[in-house]
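# Descriptive analysis of the structure
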Amino acid sequence: MASRLSSSTVDTQISASSEPFEIPKITKFKIGLCQLTVTSNKNDNVAHARNLIEAAAKLGPSLVMLPEMWNCPYSTDYFEEFAEDFDDKDGSPSFAMLSEVALGNGITIVGGSMPERRKNQLHNTCCVFGPDGNLKAKHSKMHLFDINLPGDISFKESDTFTAGDQPTIVDTDVGRIGIGICHDLRFPELATLYQARGAHLICYPGAFNMSTGELLWELEQRARAADNQSSKIVATSGHEETIVIAEVDYSKTRQLREALPLEKQRRGDVYRLVDVHQQKP
């Protein structure tokens, strides 16, 4: 596949979570989503993404996000070739660009995802950079997308990638962010876990295919948002290449949760979510 468009909306891709909900220093700010065409030329993809991020930054967002696999066609034919070892700064032009642009524009970047080479394995990894250009967190996609629809699509992400096994929460200048990647959105347990850890935002960079994405992408975003009491779509786009700018206001989320305190209504005596990593000594 030579090129594709990654669709995105500002709903659960950028979805506020529930209690404990301590509003950070910044209570209202703008987020920019870059939706871009990807080609089979990595250098062109990196340069194009840089231009879009810088164009978005001029519109005033504090956080800018890219889609899944923004530097690489979403195909098993390309993942190995386009993969980067993020510890090798000289050999990781995609990683280096995100760091440079975050620093140059003084913004937080949720860097979509890229194929990462780590210990002889490949991961579908999202990198988060702070306004100082430093890497703040990495999230490797936990739920790999395997599908077989006879006569339509057959694809196994697990043939190439190794699944991540760690949820990712990162404290940033715009609050605490939980990270998921595309198919991670299908599993409400991850969003609920992030809510329990006090996330203000959950970011899901994605590259949904048209076979399942057209039916499910927005529906699932709204579902995760509704689960965590932030179900209003504030901005969206079509399938074209574009920049979406939206405003997030944490105070509105707090007002909603004070009016409808779902956390107090949960039946912990009947069911509960076990955070495996928090349980470890």
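Structure's up top.
Quick summary incoming for the structure in this document. (Residues numbered from 1 in each chain as written. Predicted model: local features only at pLDDT ≥ 70, side-chain atom pairs only at ≥ 80, totals over all residues. Heavy atoms only, no water.)

Counted at 1.5 Å a residue, the expected span for helix 1 (residues 42–57) with its 16 residues is 22 Å, and the 22 Å between its end C-alpha atoms agrees. For helix 1, the set of buried residues is Lys 42, Asn 45, Val 46, Ala 49, Leu 52, Ile 53, Ala 56 and Ala 57. Looking straight down helix 1, one finds its buried side chains confined to an arc of 135°; they lie on one side. Between a side-chain oxygen at the N-terminus of helix 1 and the backbone nitrogen of Asn 43 the separation is 3.1 Å; the capping residue is Asn 41. (Helix = DSSP H or I, 4+ residues; strand = E, 2+ residues; numbered from the N terminus. Expected span 1.5 Å × (residues − 1). Buried < 20%, exposed > 50% of the residue type's maximum accessible area, 1.4 Å probe, protein only. Arc of directions from axis to C-beta. Polar contact = N/O pair within 3.5 Å; in protein donor to acceptor, adjacent residues only side chain to side chain.)

This part takes up the state of the cysteines. Where two cysteines share a covalent bond between their sulfur atoms, that bond is called a disulfide. Taken as a whole and judged by the stated rule, the model has zero disulfides. Cys 126 forms no disulfide, and the closest cysteine sulfur to it belongs to Cys 127, at a distance of 6.7 Å. Taking the relative accessible area as the measure of exposure, Cys 126 reaches 1% and is therefore buried. (Disulfide = S-S within 2.5 Å.)

Among the nonpolar cores identified, the biggest contains 33 residues, and Leu 63, Val 110, Ile 177 and Leu 201 are the most heavily contacted of them. At the level of elements, strand 3 (28–35), strand 5 (63–65), strand 8 (121–129), strand 13 (175–179), helix 4 (188–196), strand 14 (201–203) and strand 15 (242–249) are the ones that each hand at least two residues to this core. Looking at this core element by element, the count peaks at four residues for helix 4. In this structure, Val 110 is in contact with Leu 63, Val 64, Met 65, Leu 66, Cys 126, Cys 127, Val 128, Ile 179 and Cys 203, ignoring residues within four places of it in sequence. With 22 residues, the next largest nonpolar core counts Cys 34, Leu 66, Met 97 and Ile 107 among its residues. (Core = buried A, V, L, I, M, F, W, Y, C linked by side-chain atoms within 4.5 Å. Contact = heavy atoms within 4.5 Å.)

To continue, consider the side chain of Arg 224. Inspection of the secondary structure assignment puts Arg 224 in helix 5 (residues 213–227). Of the residues examined, Arg 224 reaches a relative accessible area of 10% and is grouped as buried. A polar side-chain atom of Arg 224 sits 3.2 Å from the main-chain carbonyl oxygen of Leu 185.

Further remarks concern the pattern of salt bridges. Applying the stated criterion to the full structure yields 14 salt bridges. Linking Arg 224 and Asp 227 is a salt bridge whose minimum nitrogen-to-oxygen distance equals 3.2 Å. Placement of the pair is Arg 224 and Asp 227 together in helix 5, with a separation of three residues, close to one helical turn. The partner of Arg 267 in a salt bridge is Asp 269, with the nearest N and O atoms 2.7 Å apart. Here the salt bridges do not stand alone but share partners, grouping Glu 68, Lys 141 and Glu 157 into one network. (Salt bridge = Lys/Arg side-chain N within 4 Å of Asp/Glu carboxyl O.)

Moving on, we come to helix 6 (residues 250–259). What helix 6 keeps buried is the set Tyr 250, Thr 253 and Arg 257. Each buried residue of helix 6 lies within a common arc of 60° when the element is viewed along its axis, so the set occupies one face. Those residues of helix 6 that are exposed and aimed more than 90 degrees away from the buried face are Lys 252, Gln 255, Glu 258 and Ala 259. Packing partners of the buried residues in helix 6 comprise strand 3, strand 13, strand 14 and strand 15.

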